[in-house]
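Structural overview
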Amino acid sequence: MTSYLTRLGTGFDVHAFTEGDHVWLGGIRIPADRGVLAHSDGDVALHALTDALLGAIADGDIGTHFPPSDEQWRGASSDRFLAHACELVRARGGRIDHLDITVLAEAPRIGAHREAIRARIAEIAGVPLSSVSIKATTTEKLGFVGRAEGLAAQAAATVRLPEIEIDTAAETSERRS
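Cut-offs used in this document
- Residues numbered from 1 in each chain as written.
- Predicted model: local features only at pLDDT ≥ 70, side-chain atom pairs only at ≥ 80, totals over all residues.
- Heavy atoms only, no water.
- UniProt positions renumbered as here; feature names shortened; annotations may be inferred.
- Helix = DSSP H or I, 4+ residues; strand = E, 2+ residues; numbered from the N terminus.
- Contact = heavy atoms within 4.5 Å.
- Polar contact = N/O pair within 3.5 Å; in protein donor to acceptor, adjacent residues only side chain to side chain.
- Pairing = 2+ DSSP bridges.
- Axes fitted to C-alpha atoms, helices over the stretch in contact; angles between N-to-C directions.
- Salt bridge = Lys/Arg side-chain N within 4 Å of Asp/Glu carboxyl O.
- Buried < 20%, exposed > 50% of the residue type's maximum accessible area, 1.4 Å probe, protein only.
- Lys, Arg positive; Asp, Glu negative; His and termini not counted.

Residues given the UniProt feature "binding site: a divalent metal cation" (unreviewed entry) here are Asp13, His15 and His47. Annotated residues spanning 35 residues; largest pairwise C-alpha distance 10.4 Å, indicating a single compact cluster. Its place among the elements puts His15 in strand β1 (residues 4-18). If we skip the residues at most four places from it in the chain, His15 touches Val36, Leu37, Ala38, Gly42, Val44, His47, Gly150 and Leu151. Side-chain polar atoms of His15 contact the backbone oxygen of Leu37, separated by 3.0 Å.

Structure below.
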């Protein structure tokens, strides 16, 4: 019988606003009076969630796997980044238990899009809808978010990894030291 250890990873992403007519949030195109400045599609929710999953398995960050200096990722859809992180979890025998995202923005409002975002993330990650949570908040007019200069997202991912995978990774790390 395989014994699992629970791991928690967190992620954060931010993008400045620029000219445009939409933003991508959680894999959903949301009409807005501006777009975001980004190398890829600038989906702060999926970027933060990708980093959370990579953190949970101790495998770098989104920039390690998809460097902005690499032109192949220019304009890329962020669902590819999230799908890759999920594949890495599963390749290690892991299970994704829960994905939780908080979007920080004065606008656009996500309430009307919440269920579509949850459904899209669940689809990309291959998890039940009940394993995905998305919330939004403002920053009470404080900071760059409050001044409507950009938006941000923070995320947490809970995964279970087989103990043997964690022991093997620790041994590999010790040999590198």
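Next comes the rest of the account.
Within the open sheet, the five strands sit side by side as β4-β1-β7-β5-β6. Their pairing is mixed. Each having just a single partner strand, β4 (35-36) and β6 (132-137) make up the two edges of the open sheet. Here strand β5 (residues 95-104) pairs with β6 via six bridges, running parallel. From the neighbouring strand, Ile101 faces β6, where its bridge partner is Ile134. Against the sheet, helix α1 (residues 44-56) touches β1, β5 and β7 (150-162), its axis set at about 150° to β1. Of the strands in this sheet, β5 and β6 touch helix α4 (residues 114-125), which is tilted by about 140° from β6.

Let us now look at the pattern of salt bridges. For the structure on display, the rule yields 11 salt bridges. Asp21 serves as the salt-bridge partner of Arg29, at 3.4 Å between the closest nitrogen and oxygen. For Arg29, a relative accessible area of 44% gives the class partly exposed. Judged by its relative accessible area of 47%, Asp21 is partly exposed. Across the pair Asp100 and Lys135 runs a salt bridge whose closest N-O atoms are separated by 2.5 Å. Taken together, the residues span a long stretch of sequence, with Asp100 in strand β5 and Lys135 in strand β6 at a distance of 35 residues.

Moving on: the side chain of Asp43. The residue Asp43 is located in the loop between β4 and α1 in this model. Of the side chains with opposite charge, Arg120 comes closest to the buried, unpaired Asp43, at an N-O distance of 8.1 Å. For Asp43, the side chain forms a polar contact with the main-chain nitrogen of Gly27, separated by 2.7 Å. Leaving out residues up to four positions away in the same chain, Asp43 has contacts with Asp13, Trp24, Leu25, Gly26, Gly27 and Ser78.

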